[in-house]
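# Structure assessment
What follows is the residue order along each chain.
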Amino acid sequence: MNKILEQALLYDFYGELLTTHQKEVYEQFILEDLSLSEIAESAGISRQGVHDLIRRCQKALEGYEAKLHLVERFLSVKEKVARIDEILDEWENEKKDTEKVVKQIRRISDAIIEEL
């Protein structure tokens, strides 16, 4: 997965656990794509201070994910739901055996329930 996308997902799930200052700086870097110098200037801290703060935020967010696995579960469920959509599209287009489609969807939905 793209590193920026991964960091944005981690922030979406765990960002509220950061301090207000950490959130502001991290959002500017990850979501607004500002440079370290631009953030340093607007926050009134050094470029190195911004770099260190972003690294601490990344480590904290990755630590939360290592313990809670919310992003991992989200991506897994999203993948399974996409597979259900594919199965339904195939069924609509090819008029496959309904019983077979129901079994496939039930198997995937059971896997989703297990993950939750």
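Check the entry above for the structure.
In this text the structure is predicted, and so the values were computed from the model without any measurement.

### Some points on the environment of Asn 2
Within the secondary structure, Asn 2 sits in the segment before helix H1 (3-14). Placed 12 residues apart in sequence, Asn 2 and Tyr 14 show a C-alpha to C-alpha distance of 18 Å. At a separation of 2.7 Å, a polar atom in the side chain of Asn 2 contacts the main-chain amide nitrogen of Ile 4.

### Things to note about the packing of aromatic side chains
Taken as a whole and judged by the stated rule, the model has four aromatic pairs. With a centroid separation of 5.9 Å and an interplanar angle of 40°, the aromatic rings of Tyr 14 and Tyr 64 are classed as tilted. One end of the pair, Tyr 14, is in helix H1; the other, Tyr 64, is in helix H4 (residues 47-68), with 50 residues separating them in the sequence. Look at Tyr 64 and you get partly exposed, because its relative accessible area is 28%.

### Quick notes on the environment of Asn 93
You can see Asn 93 is positioned in helix H5 (residues 70-94). According to the relative accessible area criterion, Asn 93 is exposed, its value standing at 66%. Note: C-alpha distance between Asn 93 and Asp 33 (60 residues apart in sequence) is 42 Å.

### Quick look at the nonpolar core
Within the largest apolar cluster, 18 residues are counted, with the highest numbers of intra-cluster contacts made by Val 25, Tyr 26, Val 50, Ile 54 and Leu 61. Looking at this core, the elements with two or more residues in it are H1, helix H2 (20-30), helix H3 (36-43) and H4.

### Let's talk about the pattern of salt bridges
According to the stated counting rule, one finds six salt bridges in the structure shown. Ionic pairing is found between Lys 23 and Glu 16, a salt bridge with its closest N-O pair at 3.1 Å. Residue classification places Lys 23 among the buried residues on the basis of a relative accessible area of 17%. Looking at Glu 16, the relative accessible area reads 66%, which means it is exposed.

### Describing unusual backbone geometry
Of note, the phi angle at Asp 33 is positive, near 60°, even though the residue is not glycine. Looking at the element boundaries, Asp 33 is found in the loop between H2 and H3. A residue is classified by how much of its surface remains accessible, and Asp 33, at 63% relative accessible area, is exposed. Here His 69, not a glycine, exhibits a phi torsion of approximately 60°, which is positive. The topology assignment puts His 69 in the loop between H4 and H5. Take His 69: its relative accessible area is 30%, and that puts it in the partly exposed class.

### Details of the packing of H1 against H2
Two quantities define a packed helix pair, namely the angle between the axes and the distance from one axis to the other. Here H1 crosses H2 at 150°, and the two axes come no closer than 11 Å. Classed by the angle they form, the pair H1 and H2 counts as roughly antiparallel. In the crossing of H1 with H2, the sense of the turn from one axis to the other is left-handed. Taking contact as the criterion, the partners of Ile 4, Gln 7, Ala 8 and Tyr 11 in H1 are, on H2, Lys 23, Tyr 26, Glu 27 and Ile 30. The residue inventory of the contact of H1 with H2, partitioned by class, reads five nonpolar, one polar and two charged.

Conventions used here
Residues numbered from 1 in each chain as written. Predicted model: local features only at pLDDT ≥ 70, side-chain atom pairs only at ≥ 80, totals over all residues. Heavy atoms only, no water. Helix = DSSP H or I, 4+ residues; strand = E, 2+ residues; numbered from the N terminus. Polar contact = N/O pair within 3.5 Å; in protein donor to acceptor, adjacent residues only side chain to side chain. Phe/Tyr/Trp six-rings, centres within 6.5 Å; stacked < 30°, edge-to-face > 60°. Buried < 20%, exposed > 50% of the residue type's maximum accessible area, 1.4 Å probe, protein only. Core = buried A, V, L, I, M, F, W, Y, C linked by side-chain atoms within 4.5 Å. Salt bridge = Lys/Arg side-chain N within 4 Å of Asp/Glu carboxyl O. Axes fitted to C-alpha atoms, helices over the stretch in contact; angles between N-to-C directions. Parallel < 35°, antiparallel > 145°, perpendicular 65-115°, else oblique. Left-handed = near helix turned anticlockwise from the far one by under 90°. Contact = heavy atoms within 4.5 Å. Nonpolar A, V, L, I, M, F, W, Y, C, P; charged D, E, K, R; others polar.

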